[in-house]
Amino acid sequence: MTSQSDITETVQAQHAAALETLPFDEDQDFADAERGFVAALEPGVVTNSDGAVVWDSGSFAFLDEDCPVTVHPSLWRQSRLCAMQGLYEVAEGIYQIRGLDLSNMTLVEGDTGVIVIDPLISAETAAAGLALYREHRGDRPVTGVIFSHSHIDHFGGVKGVTTVDDVAAGRCPILAPVGFVEHAVAENVYAGTGMGRRAAYMYGAALPRGPVGAVGAGLGPTTSTGTPTLINPTVDVDHTGQTETIDGVRIEFQMTPGTEAPSEMNFYFPDRRALCMAENATHTLHNLLTLRGALVRDPHVWSKYLTEAINRYASRSDVLFASHHWPTWGTEQLTEFLSLQRDLYGYLHDQTLRAINQGATGIEIAENIQLPPAVAQAWHTHGYYGSISHNVKAIYQRYMGWFDGNPATLWEHPPVEAAKRHIEFMGGTAEVLAKARKSFADGDFRWVAQVLNYVIFAEPDNTEARALQADTLEQLGFGSENGTWRNFFLMGAYELRNGPVGTPTETASADIAGALSVEQVFDAIALRIDGPRAWSADITIDWRIEDEGVDHRTRLRNGLLVHYDLEGQASTPDAVLTLSRQDLIAAVVGGADVAGMIAAGRITAEGDIGKLTELIGYLDSPDPDFAIVTP
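Note that the structure is predicted; figures quoted are calculated from it, not measured.

Visitor: Quick rundown of the pattern of salt bridges? Include the residues and the values.
Guide: Think of it this way: side chains of opposite charge can pair up when their charged atoms draw near. Throughout the structure, instances matching the rule amount to 28 salt bridges. Where Asp471 meets Arg497, a salt bridge forms, and the shortest distance between an N and an O atom there is 2.8 Å. Linking Asp471 in helix H16 (residues 463-478) with Arg497 in helix H17 (residues 483-498), this pair joins segments that are 26 residues apart in sequence. The partly exposed category is assigned to Asp471, whose relative accessible area is 33%. The class of Arg497 is partly exposed, set by a relative accessible area of 39%. In this structure, Glu474 engages Arg497 in a salt bridge whose closest nitrogen and oxygen atoms are separated by 3.0 Å. Remark: Arg497 occurs in helix H17 and Glu474 occurs in helix H16; sequence separation between them is 23 residues. Among the charged side chains, a salt-bridge network with shared partners connects Glu109, Arg137 and Arg140.

Here it is, written out as structure tokens:
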């Protein structure tokens, strides 16, 4: 295991420069993060029904010590703030649970109960947070839930705070922006395996917590590992200015689609002069393209919605809170906070486009762009979660795609073949390793990582190259101000030394899979067809979804599964299956025993059922353990 004595002089000098140039004597964030503290969860451990630990606040207790040389001092500061745990009063009748998951859970007291905003990732952590609130504020029933947007850390714990029965009976309405379910489900199912594997790197899933391991993700400490759940919303919010009253609490909504999430909204409590910014304005530069993978977000519209929030709500607000980090109090202060956040995203967008139109590529722009001094000097614009570097590249990708316009990069060799050729041109593996060690000693870690990647992809079992690459990635991690960059570098080092750790969390839980529409079910299946094996297949199956009154047809032809609702088509299918939507999900997504379901009468089958078996045989399985730092 690496020790702090292994930190290179290059990284130590970088940290020393940060200590000299950044305003570490400014302590307003700590005062705000501590303000309103009521009580902590003691001990700060949450377990599931089997007794397994799904959250442990104590594992971040080391952050109370002085910053070690193995962590960027700015990231250490941010991680200390994010690790503050417990129940906090934001304003009269508004409380937050912070430090019990990646995100915050907010509780707004109404006439008879409490409204829960964004119930964390896991049912277990949400239940623990609600219990802590009730211990100090009374056993109030949950009389409403609000999902601010479609990311799992803002809805996954819903069954820890309410029940399907209470929602169905109208005792607990659930409000969400229009399109919430579609985007929440699609993100966790369509590319869920790939995103999940990369999320293990992004959040440092296998890293020990401590000065040479995980110190936090910048947006929060890390992700809980409990049970993600979902209950469908009962009230759609579909336009800015829409006002709803829940348990006597008036709430005005601002729609912000395409910002931090494809389905997202801010909202304002006029009677309490409190503004919730969801995840659109937090104490970090956020992601425009998260390292785990997602659709590229739009910083142009993001900045415009922040301007709209300033104009609509800032002058009428005394406090601003969000679904991550700590609140900002005071009309003047929160207005400036929103203005700087707006300027941050707008500037990155406009200056990237300006450079694009002057012929610069994404990598070149990312290396050269600088923020205006007034923006750069604010702690909350630092890239603890997103970064200027990967966000600028994301803007380039959004407008220009993967190709940088140079025909030399239009048809490059894939990684393994390119690596073999690079190594040969460089004079062979021994020569590359010798030069890499000199570059390591010179502190040029970015170059070492690049050239050693060629060696590892050309010779995956080269132990010398793997060991030196692990050391190199570790130094890059130690030097990172960004929490997710640190985790990515250190996870790469960990897997080079210890082998793959796979994907420790499962986002496509039973609840999320169960929310798939008929259309999404077959979209998900189409993505698993092994096209080349299915080239010669021609299979048509009709699916009668009894409980939804839907007749849907699938046809596999030329390796593509096409599907659509039947509207009087006259062609005869190979088979007809009659079943419920949940049995459809179980059969084609959940891997249930279809023959057993037919025998049990859950599925009524007509025609050539062998065609269904053939169709299922063309499906492959995603690999949650795919290689990242090796070929």
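Visitor: Lay out a negative patch on the surface with the relevant residues and their values.
Guide: A contiguous patch of negative charge on the surface is contributed by Asp25, Glu26, Asp27 and Glu34. Here Asp25 lies in the loop between helix H1 (9-21) and helix H2 (28-34). Classification of Asp25 as exposed rests on a relative accessible area of 71%.

Visitor: Quick rundown of the nonpolar core? Include the residues and the values.
Guide: Nonpolar side chains tend toward joint burial in soluble globular proteins. Grouped together as the largest cluster of nonpolar side chains are 68 residues, with contacts concentrated most on Val145, Trp543, Leu556 and Leu584. By size, the runner-up hydrophobic cluster in this structure holds 35 residues, among which are Leu285, Leu320, Ile356 and Tyr396.

Visitor: Explain the side chain of Thr381 residue by residue, including any values.
Guide: Secondary-structure assignment places Thr381 in the loop between helix H11 (373-376) and helix H12 (388-400). The buried category is assigned to Thr381, whose relative accessible area is 3%. Polar contacts involving the side chain of Thr381 include one to the main-chain carbonyl oxygen of Val375, which spans 2.6 Å. In this view, Thr381 contacts Leu285, Leu344, Val375 and Ala376; residues no more than four positions away in its chain are not counted.

Visitor: How would you summarise the packing of aromatic side chains if you had to cite specific residues and measurements?
Guide: Within a pair of aromatic rings, the relevant descriptors are the distance that separates the centres and the angle that separates the planes. As enumerated under the stated definition, the model contains 18 aromatic pairs in all. An angle of 35° between the planes, with centres 6.3 Å apart, marks the rings of Phe60 and Phe62 as tilted. Looking at Phe60, the relative accessible area reads 6%, which means it is buried. Among the aromatic side chains, those forming a connected cluster through ring pairs are Phe253, Phe267, Phe269 and Phe321. One Lys or Arg, Arg35, reaches over the ring of Trp329 and ends 4.2 Å from the middle of that ring. Here the basic side chain of Arg77 rests over the ring of Trp379, its NZ or CZ set 4.0 Å away from the ring centre.

Visitor: Can you explain unusual backbone geometry? Please cite residues and give values.
Guide: A cis amide bond links Glu42 with the next residue in sequence, Pro43, at an omega value of -10°. If you trace the backbone, Pro43 turns up in the loop between strand E1 (37-39) and strand E2 (45-47). Look at Asn558: it is not a glycine, yet its phi comes out positive at around 55°. Given a relative accessible area of 53%, Asn558 falls into the exposed group.

Visitor: Describe the environment of Tyr454, and please don't skip the residues or the numbers.
Guide: Checked against the element boundaries, Tyr454 lands in helix H15 (residues 445-458). We classify Tyr454 as buried; its relative accessible area is 17%. Separated by 34 residues in sequence, Tyr454 and Lys420 place their C-alpha atoms 7.1 Å apart. In this view, Tyr454 contacts Ala419, His422, Ile423 and Met426; residues no more than four positions away in its chain are not counted.

Visitor: Describe the sheet that holds strand E18 (residues 550-557), naming the residues involved and giving the relevant values.
Guide: Taken in spatial order, the five strands make up an open sheet running E19-E18-E17-E20-E21, and their pairing is mixed. The sheet is open, and its two edges are formed by strand E19 (560-565) and strand E21 (604-607), each paired on a single side. Ignoring strand direction, the axes of neighbouring strands in this sheet form an average angle of 20°. Along the sheet face, helix H20 (residues 581-588) touches strand E17 (538-545) and strand E20 (575-579) and points at about 145° away from the line of E17. Those strands touched by helix H22 (residues 610-617) are E17, E18, E19 and E20, and its axis lies near 105° from that of E17.

Visitor: If you had to explain H1 to someone new, which residues and values would you point to?
Guide: Counted at 1.5 Å a residue, the expected span for H1 with its 13 residues is 18 Å, and the 18 Å between its end C-alpha atoms agrees. Burial in H1 covers these residues: Val11, His15 and Ala18. Angular distribution of buried residues about the axis of H1 spans 55°; they occupy a single face of the element. Exposed residues lying more than 90 degrees from the buried face of H1 are Glu9, Glu20 and Thr21. Structurally, H1 contributes buried residues whose contacts are with helix H3 (73-83), H15 and H16.

Thresholds, definitions, all that
Residues numbered from 1 in each chain as written. Predicted model: local features only at pLDDT ≥ 70, side-chain atom pairs only at ≥ 80, totals over all residues. Heavy atoms only, no water. Salt bridge = Lys/Arg side-chain N within 4 Å of Asp/Glu carboxyl O. Helix = DSSP H or I, 4+ residues; strand = E, 2+ residues; numbered from the N terminus. Buried < 20%, exposed > 50% of the residue type's maximum accessible area, 1.4 Å probe, protein only. Patch = residues over 30% accessible without salt bridge, like charges linked within 9 Å, V, L, I, M, F, W, Y side chains within 5 Å. Areas by Shrake-Rupley, 256 points an atom, 1.4 Å probe, with all protein chains shown as cover. Lys, Arg positive; Asp, Glu negative; His and termini not counted. Charge placed at Lys NZ, Arg CZ, Asp CG, Glu CD. Core = buried A, V, L, I, M, F, W, Y, C linked by side-chain atoms within 4.5 Å. Polar contact = N/O pair within 3.5 Å; in protein donor to acceptor, adjacent residues only side chain to side chain. Contact = heavy atoms within 4.5 Å. Phe/Tyr/Trp six-rings, centres within 6.5 Å; stacked < 30°, edge-to-face > 60°. Lys NZ or Arg CZ within 6 Å of the ring centre and 35° of its normal. Pairing = 2+ DSSP bridges. Axes fitted to C-alpha atoms, helices over the stretch in contact; angles between N-to-C directions. Expected span 1.5 Å × (residues − 1). Arc of directions from axis to C-beta.

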